[in-house]
Amino acid sequence: MVNQDKSSYDLFKVINNRRSIRKFTEKPITDDILNQILEAGIKAPFAAQLYSIVYTRDKEKMKKLRIGVYSTTQLLMIFLVDFRKIEKIIKQRNYQYDYDDGMLLWLGIQDATLVAENVILAADAVGLGSVLLGGAPLQTDIITEVFSIPSRVFPVVGLCLGYPDYTAETDVRPRYPLKYTAFEDSYHDLSENEIRECMKNMDEGYITQGYYIKLQAKIPLKKGKDTIDYDKYSWSEHQSRKYSQGWWKKESILSLLQRQGFNLEKSHNQEETKMKRVPTN
Ligand SMILES: Cc1cc2nc3c(=O)[nH]c(=O)nc-3n(C[C@H](O)[C@H](O)[C@H](O)COP(=O)(O)O)c2cc1C
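The residue numbers shown here count from 1 along each chain, following its written sequence. Only residues with pLDDT of at least 70 get local features here, since the model is predicted, and only at 80 or more are side-chain atom pairs given and counted; chain-wide, interface and lining totals rely on the full set of residues. Note that the side-chain values use all heavy atoms of the structure and ignore hydrogens as well as water.

Observations concerning the overall build of the protein chain
Only runs of H or I of at least four residues qualify as helices and only runs of E of at least two qualify as strands under DSSP, and these elements are numbered from the N terminus. When helices and strands are counted, the protein chain shows ten helices and four strands. For the protein chain, the N- to C-terminal ordering of α and β elements is α-α-β-α-β-α-α-β-α-β-α-α-α-α. Taking the principal axes of the C-alpha coordinates as reference, the protein chain spans close to 60 × 50 × 45 Å. Relative accessibility under 20% of the residue-type maximum defines a buried residue, over 50% an exposed one, and the middle range a partly exposed one, all with a 1.4 Å probe and only protein chains included. Counting over 281 residues, the protein chain shows a buried share of 38%. Two residues form a contact once any of their heavy atoms are found within 4.5 Å. The long-range fraction of contacts in the protein chain, counting pairs at least 24 apart against all pairs at least 6 apart in sequence, stands at 76%. On the protein chain, roughly 18400 Å² of surface is accessible, and the fraction owed to carbon and sulfur atoms is 53%. Counted as positive: Lys and Arg. Counted as negative: Asp and Glu, with His and the chain ends omitted from the count. Every charge is mapped onto a representative atom, which is NZ of Lys, CZ of Arg, CG of Asp or CD of Glu. Mean positive and mean negative side-chain charge positions of the protein chain (40 and 37 charges, respectively) differ by 4 Å. Accessible areas in this description were obtained via Shrake-Rupley with a 1.4 Å probe; residue shielding takes into account the shown protein chains only.

Printed below as a string of structure tokens:
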């Protein structure tokens, strides 16, 4: 490791010990702490600062959102893709926005997610815990109403925050072995045996930790008898049930985005624009 001073050591400690926290104490988050973690959040790299954050301490508001906010959450943040600011800047400079909305959305999701990760790590470093909520985009209608969010702004992910209640589950989760995730020079398509090794790593880790038992989070089978008890209910079983049982929302993300003013259809039949070089951010 190149930089071994104390601050970088602390960063690795924070990263390596972080785990999602789903139960919080009643200790409130002060404005100073909140500002500290938000300031750290916005230090993340950005393509064009295509994000905003809305947050609330109001439990009634949290409940209304229907995105699975944990009941002891002290503060809820929603990270948003936000086109409005850059569009206003462009206008102030007497230009007219003309860019591929799909690509800008892609960049915006990356911007917002990087800010979220910085907030998560900063929160951890000051003793807070957090858990992301990925269902936020599906509740765009409610979120936009509750937080008065206009068009060209779209929820990416939610984040529950609070001081960890360590009486609840708190283990660091396993991951796939790094060799099956990072490949030098060329992509490696995993063999059946290698996939089994990934599954083993995850499944044994989650079962040993009693992850799903503690969360009581088994996904029911739509068809057939469930013969897997909690002591054998594993991470790969959970993922398989989640992504194989025909779960579709009435309205697609694409349609929600379109209703929120994002134009993701190819909007004009023009030739691909030739740029002299790829513009830097
Ligand atoms: C995009 C995203 C969405 C997530 N959504 C949820 C969620 O809705 N509810 C939840 O309890 N955890 C959610 N999580 C947390 C994951 O379950 C958790 O990060 C994962 O199991 C790894 O555990 P760890 O964070 O403790 O390392 C989400 C995580 C990510 C990255």
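Details of the domain arrangement of the protein chain
The domain architecture assigned to the protein chain consists of domain 1 (6-169) and domain 2 (188-242). Relative placement of domain 1 and domain 2: their C-alpha centres are 29 Å apart. Note that the domain bounds reflect an automated or database-derived domain assignment.

So, the site of the ligand
Here a residue is considered near a molecule or strand provided that any single heavy atom belonging to it is located within 4 Å of it. The full set close to the ligand counts 13 residues, and Ser20, Arg22, Tyr70, Leu132 and Arg175 are the nearest of them. In the model, a nitrogen atom of the ligand is placed 3.0 Å from a nitrogen or oxygen of the Gly134 main chain. In the model, an oxygen atom of the ligand is placed 3.0 Å from a nitrogen or oxygen of the Arg175 side chain. Burial of the ligand by the protein chains amounts to 63% of its free accessible area of 620 Å². Among the elements that line the shell around the ligand, the one with the most residues is strand E3 (residues 129-133), at three residues. Following the grouping adopted for this structure description, the nonpolar residues are Ala, Val, Leu, Ile, Met, Phe, Trp, Tyr, Cys and Pro, the charged ones are Asp, Glu, Lys and Arg, and the polar ones are all others, Gly among them. Tallied by class, residues from the shell around the ligand come to six nonpolar, two polar and five charged. Distance and chemistry together define a polar contact, namely a pair of N or O atoms within 3.5 Å, with one atom able to donate a hydrogen and the other to accept it when in protein, and with adjacent residues in sequence counting only for side-chain atoms on both sides.

Section: unusual backbone geometry
Although it is not a glycine, Arg66 sits at a positive phi angle of roughly 55 degrees. Relative to the elements of secondary structure, Arg66 occurs in the loop between helix H3 (59-64) and strand E2 (75-82). For Arg66, a relative accessible area of 60% gives the class exposed. For Arg152, which is not glycine, the phi torsion reads 65 degrees and is therefore positive.

As for the packing of aromatic side chains
Any pair of Phe, Tyr and Trp rings, taking the six-membered ring for Trp, is counted once the centres come within 6.5 Å. Such a pair is stacked with planes under 30 degrees apart, edge-to-face with planes over 60 apart, and tilted for the rest. Tallying each qualifying case throughout the model produces ten aromatic pairs. Judged by centre distance (6.1 Å) and plane angle (85 degrees), the rings of Phe154 and Phe262 are edge-to-face. Linking Phe154 in strand E4 (residues 153-162) with Phe262 in the segment after helix H10 (253-259), this pair joins segments that are 108 residues apart in sequence. With respect to burial, Phe154 and Phe262 carry one shared label: buried.

Considerations on the pairing of E4
With ten of its ten residues buried, E4 lies for the most part within the structure. At least two DSSP bridges between two strands are needed for those strands to be called paired. As judged from the eight bridges shared by E2 and E4, these two strands associate in the antiparallel manner. Residue pairing in the sheet places Phe79 in a bridge with Val157 of E4. Examined bridge by bridge, E3 and E4 share five bridges and lie antiparallel to one another. Among the inter-strand pairings, Val131 is bridged to a residue of E4, identified as Cys160.

Regarding the sheet that holds E3
Pairing is antiparallel in the open sheet, where four strands are placed in the order E1-E2-E4-E3. The open sheet has two edge strands, strand E1 (51-56) and E3, and neither has a second partner. Put simply, the sheet's adjacent strands are angled 25 degrees from each other on average, direction ignored. Running over the sheet, helix H5 (residues 101-125) touches E1, E2, E3 and E4 and is turned about 155 degrees from E2. For helices, the axis comes from a line fit to the C-alpha atoms of the stretch in contact; other axes are also lines fit to C-alpha atoms, and the angle between any two N-to-C directions lies between 0 and 180 degrees.

Points about the nonpolar core
Formed by 34 residues in total, the largest nonpolar core has its most connected members in Ile29, Ile37, Met77, Phe79 and Leu161. Elements represented by at least two residues in this core include exactly helix H2 (31-41), E2, H5, E4 and H10. Ranked by residue count, the leading element in this core is H5, at ten residues. Put simply, buried Ala, Val, Leu, Ile, Met, Phe, Trp, Tyr and Cys residues joined by side-chain atoms within 4.5 Å make one nonpolar core.

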